[in-house]
Amino acid sequence: MESDKKLIGRSELEKLFSQWQSQGTRILAPKKNNDTIDFALVTTLAEVSLDQVQTVQSAKTSVFPRVEELFSFTSRDGRVVIRERDRNALPATVLFGVRPCDAAAFAALKAIFTWDSPDDLFSARMEKMTVIAVSCARADAYCFCTSVGGGPGATAGSDMLLTETGPGEYLAEIVSEKGLMAVGETSGLRPCPANVNKEAHLAKLEPAFAREKVAPALARLFDDAAFWAEQSLRCLGCGACAYVCPTCACFDIQDEGGGSGQRLRCWDSCGFGLFTLHTSGHNPRPVQSQRWRQRLMHKFAYMPERQQVLGCVGCGRCSRACPVDMNILEHVRSITEAKP
Ligand code: SF4
Ligand code: SF4
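Keep in mind that this is a model prediction, so the values were computed, not measured.

(A) Main features of the site of ligand 1. Around ligand 1 sit Cys-235, Leu-236, Gly-237, Cys-238, Gly-239, Ala-240, Cys-241, Trp-292, Cys-322, Pro-323, Val-324 and Met-326, and that is every residue in its neighbourhood. For the shell around ligand 1, the class distribution of residues is 10 nonpolar, 2 polar and no charged.

In structure tokens:
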């Protein structure tokens with residue numbers, strides 16, 4: 001649908017929170033917890049933190065939980081009985097206060113989870129979720145959304161985007177039917193005057209590299225072992241970058257319990273040495289430089305080729321979280337600038 005622009009005040013937003021609550025919809029939003037701000041269940045707008053550049057963790061847990069039961073099983077009289085998850089029991093969710101980069105990240109997750117082996121649990125969660133993003137008035141040195149096709153006020157992946165145009169006053173861009181449903185019959189939304197200049201309220205962020213150069217440069221550098229060794233020298237293989245990333249979707253499957261139990265899907269990371277270890281003992285990526293190369297190849301070459309979407313939205317979380325200060329922006333820039 002065509003974007004519908006309205007003005008909405010904080011008191012109307014508060015009413016929306018009450019409305020969602022009364023409908024039994026869970027609300028996930030950035031919430032302060034001691035020194036960190038992360039997505040958590042909230043019931044009121046007052047609990048939501050919107051001043052941070054970014055949360056530590058991404059919002060991907062809303063559709064791809066860190067650990068999730070795929071099904072449970074019971075062994076009875078020599079037979080195994082499987083009990084599937086009830087898709088209808090998954091909660092309707094409003095994801096409020098994500099940044100535009102995080103909203104865009106759902107396209108990458110969707111491309112992965114609906115690709116060769118469509119995942120109906122993921123799709124059911126996506127279907128039941130409404131994404132209400134808030135534009136970025138500030139960026140930090142780790143942000144690079146404009147280098148990967150996004151922007152501080154981009155609407156991709158959002159059902160509604162809010163841009164603060166004054167204290168407690170927001171421009172609401174309703175860009176999907178879900179966004180329209182989320183607003184419902186709420187009164188107090190006003191038509192947006194033509195002189196509201198959204199751009200004036202957005203962070204300024206110049207592109208830091210030419211994204212069309214990344215995949216060809218990666219292909220050229222693929223066999224340059226010295227280059228990758230230099231790039232990954234500091235990498236500890238701790239996996240923090242993957243765990244905070246809104247688009248990383250590696251997982252492994254574990255069965256818990258003996259005759260009866262659950263099959264679980266758990267986050268994993270291609271940065272871990274054990275990730276590709278075969279039962280035979282062979283590991284196709286035995287050293288960290290190959291694992292670092294894989295991370296970049298997957299995001300900037302394999303995903304665009306296979307799924308026509310970049311695997312990075314430039315949120316900068318991996319760089320902020322890295323204990324040894326590996327900055328993906330600097331690494332990608334150096335890849336595009338490497339001499340053949
Ligand atoms: S967070 Fe840093 S050290 Fe850890 S795996 Fe990622 S790049 Fe390597
Ligand atoms: S790779 Fe880093 S910058 Fe890119 S989406 Fe993931 S966490 Fe954000």
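(B) Structural context of the site of ligand 2. Taken together, 13 residues sit near ligand 2, with Cys-245, Cys-312, Cys-315, Gly-316 and Cys-318 positioned nearest. Broken down by secondary-structure element, the contributors of at least two residues to the shell around ligand 2 are helix 8 (288-307) and helix 9 (317-321). Residues belonging to the shell around ligand 2 are distributed by class as follows: 8 nonpolar, 2 polar and 3 charged.

(C) Broad picture of helix 1 (residues 10-22). Here helix 1 spans 19 Å end to end across 13 residues, near enough to the 18 Å set by a 1.5 Å rise per residue. Along helix 1, the positions that sit buried rather than exposed are Glu-12, Leu-13, Leu-16, Phe-17 and Trp-20. Seen end-on, helix 1 carries its buried residues on one side only, within an arc spanning 155°. Looking one or two residues beyond helix 1, the residue adopting positive phi is Gly-24, at roughly 80°.

(D) Region of interest: the pattern of salt bridges. Overall, the coordinates contain 13 salt bridges when judged by the stated rule. When the shortest N-O distance is used, the salt bridge between Arg-85 and Glu-68 registers 3.9 Å. Here Arg-85, found in the loop between strand 5 (79-84) and strand 6 (93-98), pairs with Glu-68, found in strand 4 (residues 67-76); they are 17 residues apart in sequence, far enough to count as distant. For Arg-87, the salt bridge identified is with Asp-120, shortest N-O distance 2.8 Å.

(E) Layout of the sheet that holds strand 2 (residues 26-33). Spatially, the 8 strands line up as an open sheet ordered 3-2-6-7-8-9-1-10, and their pairing is mixed. Looking at the sheet topology across the chains shown, the edges are occupied by strand 3 (36-42) and strand 10 (190-191). For strand 6 and strand 7 (residues 129-134), the ladder comprises 5 bridges, and the chain directions are parallel. Bridge pairing links Val-94 to Thr-130 in strand 7. Relative to the sheet, helix 2 (residues 100-113) contacts strand 3, strand 6, strand 7 and strand 8 (160-166), its axis offset from that of strand 7 by approximately 145°.

(F) Geometry of the nonpolar core. Core analysis: the biggest nonpolar cluster contains 24 residues, and Phe-209, Leu-218, Trp-228, Leu-296, Phe-300 and Ile-335 have the highest contact counts within it. Taken together, the elements giving at least two residues each to this core come down to helix 5 (214-221), helix 6 (225-231), helix 8 and helix 10 (328-337). Per-element tally for this core: the top contributor is helix 8, with 5 residues. Residues in contact with Trp-228, not counting those within four places in the same chain, are Leu-218, Leu-221, Phe-222, Ser-289, Trp-292, Arg-293, Leu-296 and Ile-335. Formed by 23 residues, the second largest nonpolar core is a distinct cluster that contains Ile-8, Leu-50, Tyr-170 and Ala-182.

(G) Representation of helix 10. Listed as buried for helix 10 are Ile-328, Leu-329, His-331, Val-332, Ile-335 and Thr-336. Viewed end-on, helix 10 has its buried residues packed into an arc of 165°, placing them on one side of the element. In this structure, the buried side of helix 10 is in contact with helix 5, helix 6, helix 8 and helix 9. With a side-chain oxygen positioned 2.9 Å from the backbone nitrogen of Leu-329, the residue opening helix 10 is Asn-327.

(H) Looking closely at the pairing of strand 3. Two elements, strand 2 and strand 3, share 7 bridges in a ladder whose sense is antiparallel. Residue pairing across strands places Leu-28 opposite Leu-41, the latter belonging to strand 3.

(I) Inspection of unusual backbone geometry at higher detail. Positioned with a positive phi, Asn-34 is a non-glycine residue whose angle comes to about 55°. Residue class for Asn-34 comes out exposed when judged on its relative accessible area of 65%. One non-glycine residue with positive phi stands out, namely Asp-325, at about 65°. Here Asp-325 shows up in the loop between helix 9 and helix 10. Accessibility expressed as a relative area gives 46% for Asp-325, which makes it partly exposed.

(J) Inspection of the pairing of strand 9 (residues 169-174) at higher detail. Among the 6 residues that make up strand 9, 5 are buried, leaving the element largely enclosed by the rest of the structure. Relative to strand 9, strand 8 runs antiparallel, the two being bridged by 6 bridges. Among the inter-strand pairings, Met-160 is bridged to a residue of strand 9, identified as Ile-174. Hairpin connection from strand 8 to strand 9: 2 residues lie between these consecutive antiparallel strands, with Gly-168 at a positive phi of about 70°.

(K) Seen up close, the packing of aromatic side chains. Here the structure, examined in full by the defined rule, presents 12 aromatic pairs. Geometrically, the ring pair formed by Phe-17 and Phe-96 is edge-to-face, given 5.0 Å between the ring centres and 75° between the ring planes. You can see Phe-17 sitting in helix 1 and its partner Phe-96 sitting in strand 6, a full 79 residues away along the chain. Residue Phe-17 shares its accessibility class with Phe-96, and that shared class is buried.

So, how was this worked out
Residues numbered from 1 in each chain as written. Chains lettered and ligands numbered in written order. Predicted model: local features only at pLDDT ≥ 70, side-chain atom pairs only at ≥ 80, totals over all residues. Heavy atoms only, no water. Near = heavy atom within 4 Å. Nonpolar A, V, L, I, M, F, W, Y, C, P; charged D, E, K, R; others polar. Helix = DSSP H or I, 4+ residues; strand = E, 2+ residues; numbered from the N terminus. Expected span 1.5 Å × (residues − 1). Buried < 20%, exposed > 50% of the residue type's maximum accessible area, 1.4 Å probe, protein only. Arc of directions from axis to C-beta. Salt bridge = Lys/Arg side-chain N within 4 Å of Asp/Glu carboxyl O. Pairing = 2+ DSSP bridges. Contact = heavy atoms within 4.5 Å. Axes fitted to C-alpha atoms, helices over the stretch in contact; angles between N-to-C directions. Core = buried A, V, L, I, M, F, W, Y, C linked by side-chain atoms within 4.5 Å. Polar contact = N/O pair within 3.5 Å; in protein donor to acceptor, adjacent residues only side chain to side chain. Phe/Tyr/Trp six-rings, centres within 6.5 Å; stacked < 30°, edge-to-face > 60°.

Purely geometric stuff here, so don't read any function into it on its own.
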